[in-house]
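# Working through the structure, step by step
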Amino acid sequence: MNEILVASCSVIFFVTGFLLLNIIGRSRDILDVAAGGLKALTDSTMSEDDREAAVQQAALSLLLRVTLTTLCFFLVLGAAFTPILLADLTAYSELSSVIGLMTRPFFLIGSTLIATLILWLLSNLFGRKSAPEQDGAYSAAEQMVHMIAFSGVMQTLAIAFDNFVFDLFGRKVVVEKHVFITSLARGGTTACLNALDSLEACATTTYRDMPFIFSPFTWNGLGRLLGRKVETRERAHGDGLEIHLDSPEAFDETFWLRYWPDHYEQDAIKPWTIASPHRAQALTRFFRKIVAIRSRSANIYVSKNNANIARLPALRSLFPDCVIAIPLRRPGPHAASLHRQHLNFTKQQSDDAFVQRYMEDIGHFEFGLAHRPIAFPGWQKDQFTPDQADYWLNYWIACFETVLEQLDHVQIVTQDDLRAQPNRVLRALLTANDIPFSDAQDFRSFFRAGEDTTDEQVFSPDLLDAANQLYQKIVDTVSAQNLV
């Protein structure tokens, strides 16, 4: 018992010192200075003398920052070692026994979880938001917690620990149906997700599962004890949609990112044709946990994941009876919205590097500096650049030419029909797939009313005409489904 108390004090001292001495902020400064020096070194607009002076200044600044950060880190280690040394000197516990305890797997897992929980509590008590009006704007302490939660080692520990706890205490559930809502971003997937999330039988991931998405059962249990609350606010897209802790969001992409890293290249995402059932065990177990956490009456997992548009055959191979619903938006408004959001997130990520880190960690590569397009067959990504509207229209065509080839295995619902008659369209979709709903269920509040329009003069006429023809071909082909 003495060794446990001493070891726990050591962890608390380490976390407190790490936070107070701002190690994460100092490390970020080192990276910024190094990047600035490299930029000056390769800046062809500067004279040779100015370039040399800038590089020398960056090198000196880098040396000072590295020295100071190293000193601070050793002070943190010293603070962590102090209770261990004092306990040994006073014969309260032996140094070797405490060190031995701290290297055991169960203590490493438990102390890591406790340390991150302490950081989270401190950040909520004393943290200051740099931009509280923005979705995903974390304080410095919360950023550190996020980075710990998404580190490779922590992911492995969190999954193992959460599986152990879930097997002991989790509600035993059978996921009777998997529903995958997917399209290109800005296609209406969020509205469809919100509508299905209102059904008692359906469960999905929410902001409450972050940042410990890899241990949802344990983290949600702690969250209930702590009474986690976050005020409703507009999300970072600036589209008028408001979010809070219980708002559904796409977070299962983190598991695809972890278990299929070979598909995520530096400048593109390779589509899936098949997916290993062995790798998918962690994914399906995660689905069961989310269903168990959300509601005792839930037995359907609903995934809203835009990247699933790149793995339609793989989803069918892993979940043969799954429902794949694809909202279809007219290409002009859809591509224009993608273009606007790309410019929006490019600015946000330029102003705050953590926004980009956050988006990359959760696998949201749709736009901004973090943009990695899906390499659909036949798509020529170098024909345009992402800051051009035609890039996104060309991307829309490549995506839905791929969808067109798989219409027998997906269910299309048009944005126009969802706006005009949401109750009829959603009820038809739910009825066709045996998803229970109340006759009194009203879906109108989840969808914008009115015509979906945009200024289409920003697109090349020939490209827009090709996109509209493809859209109409898809609508004509799926009309037999009687869902649109």
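Everything here concerns the structure above.
This section reports on the structure supplied with the text. (Residues numbered from 1 in each chain as written. Predicted model: local features only at pLDDT ≥ 70, side-chain atom pairs only at ≥ 80, totals over all residues. Heavy atoms only, no water.)

### Points about the sheet that holds strand β5 (residues 300-304)
- As summarised here, the arrangement of the 5 strands in space is β2-β5-β1-β6-β7, forming an open sheet in which the pairing is parallel. Because the sheet does not close on itself, it has two edges, and the strands there are β2 (202-203) and β7 (411-414).
- Sheet analysis places strand β6 (residues 323-328) next to β7, joined by 4 bridges and oriented parallel. Along β7, the bridge assignment pairs L328 with T414.
- Lying over the sheet, helix α11 (residues 277-294) contacts β1 (177-181), β2 and β5, oriented at roughly 110 degrees with respect to β5.
- Sitting on the sheet, helix α15 (residues 389-404) is in contact with β6 and β7, with an inclination near 140 degrees to β6. (Pairing = 2+ DSSP bridges. Helix = DSSP H or I, 4+ residues; strand = E, 2+ residues; numbered from the N terminus. Contact = heavy atoms within 4.5 Å. Axes fitted to C-alpha atoms, helices over the stretch in contact; angles between N-to-C directions.)

### Concerning the packing of aromatic side chains
- Here the structure, examined in full by the defined rule, presents 25 aromatic pairs.
- When the centroid spacing of 5.7 Å and the interplanar angle of 85 degrees are considered together, the rings of Y207 and F251 count as edge-to-face. Here F251 lies in the loop between β4 (242-243) and α10 (253-259) and Y207 lies in the loop between β2 and α9 (216-226), a separation of 44 residues in the sequence.
- Seen in terms of ring centroids, F354 and Y358 are 6.5 Å apart; in terms of plane orientation they differ by 50 degrees. Their pairing is tilted. Of the two residues, F354 and Y358 are both situated in helix α14 (residues 353-361); the distance of 4 residues between them amounts to about one turn of the helix.
- Within the aromatic cluster, the residues linked to one another by ring pairs are F150, F180, F214, F255, Y259, F286, F287, Y301 and F319.
- Its guanidinium or amino end placed over the ring of W256, R311 lies 4.0 Å from that ring's centre, counting from NZ or CZ.
- Here the guanidinium or amino end of R311 rests over the ring plane of W272, the centre of that ring lying 4.1 Å away. (Phe/Tyr/Trp six-rings, centres within 6.5 Å; stacked < 30°, edge-to-face > 60°. Lys NZ or Arg CZ within 6 Å of the ring centre and 35° of its normal.)

### A short note on the packing of helix α7 (residues 152-169) against α11
- Direction vectors running N to C along α7 and α11 enclose 50 degrees, while the axes themselves pass 12 Å from each other. Accordingly, the angle class assigned to the pair α7 and α11 is oblique. Crossing of α7 over α11 shows left-handed handedness. Contacts between α7 and α11 involve I159, D162, N163, F166 and D167 on the former and, on the latter, R285, R288, K289 and A292.
- Its residues placed into classes, the contact of α7 with α11 shows 3 nonpolar, 1 polar and 5 charged. (Parallel < 35°, antiparallel > 145°, perpendicular 65-115°, else oblique. Left-handed = near helix turned anticlockwise from the far one by under 90°. Nonpolar A, V, L, I, M, F, W, Y, C, P; charged D, E, K, R; others polar.)

### Let's talk about the pairing of β1
- Most of β1 sits inside the fold, with 5 of its 5 residues counted as buried.
- Residues K177, V179 and I181 point to one face of β1 and H178 and F180 to the other, with burial holding for every one of them.
- Both β1 and β5 contribute to a ladder of 5 bridges, which runs parallel. Across the sheet, residue V179 finds its bridge partner in β5, namely V302.
- When β1 meets β6, the two strands line up parallel, connected through 3 bridges. Looking across to β6, one finds that F180 is bridged to I324. (Buried < 20%, exposed > 50% of the residue type's maximum accessible area, 1.4 Å probe, protein only.)

### A word on the pairing of β5
- Extensive coverage of β5 is indicated by the burial of 5 of its 5 residues.
- Residues of β5 alternate between two faces, with I300, V302 and K304 on one and Y301 and S303 on the opposite face, all of them buried.
- Taken together, the 2 bridges between β2 and β5 define a ladder with parallel strand orientation. Its bridge partner lying in β5, A203 is registered against Y301.

### What about the environment of G100?
- Its location among the elements puts G100 in helix α4 (residues 95-102).
- Accessibility expressed as a relative area gives 29% for G100, which makes it partly exposed.
- With 93 residues separating them in the primary sequence, G100 and A7 have C-alpha atoms 9.9 Å apart.

### Points about the packing of α15 against helix α18 (residues 461-478)
- Here α15 crosses α18 at 25 degrees, and the two axes come no closer than 10 Å. Of the possible angle classes, the one that applies to α15 and α18 is roughly parallel. Once α15 is placed against α18, the crossing between them reads as left-handed. Contacts between α15 and α18 pair D390, L393, N394, W396, I397, F400, E401 and L404 from the former with L463, L464, A466, A467, L470, Y471, K473, I474 and T477 from the latter.

### Considerations on a negative patch on the surface
- Together, E48, D49, D50 and E52 make up a negatively charged patch on the protein surface.
- Looking at the secondary structure, you find D49 in helix α3 (residues 48-89). (Patch = residues over 30% accessible without salt bridge, like charges linked within 9 Å, V, L, I, M, F, W, Y side chains within 5 Å. Areas by Shrake-Rupley, 256 points an atom, 1.4 Å probe, with all protein chains shown as cover. Salt bridge = Lys/Arg side-chain N within 4 Å of Asp/Glu carboxyl O. Lys, Arg positive; Asp, Glu negative; His and termini not counted. Charge placed at Lys NZ, Arg CZ, Asp CG, Glu CD.)

### Some thoughts on the pattern of salt bridges
- With the rule as written, the count across this model stands at 12 salt bridges.
- Note that D452 and R329 form a salt bridge whose closest N and O atoms lie 2.8 Å from each other. Taken together, the positions of D452 in the loop between α17 (422-432) and α18 and R329 in the loop between β6 and α13 (331-351) put the pair 123 residues apart, joining distant regions of the chain.
- Given a relative accessible area of 9%, D452 falls into the buried group.
- Owing to a relative accessible area of 11%, R329 belongs among the buried residues under this scheme.
- The closest approach of N and O atoms between D351 and K347, which form a salt bridge, is 2.9 Å. Pair noted here: D351 and K347 are both in helix α13, with a separation of 4 residues, about one helical turn. Pair check on accessibility: D351 and K347 agree, each one exposed.
- Through salt bridges that share partners, R329, R419 and D452 make up one connected network.

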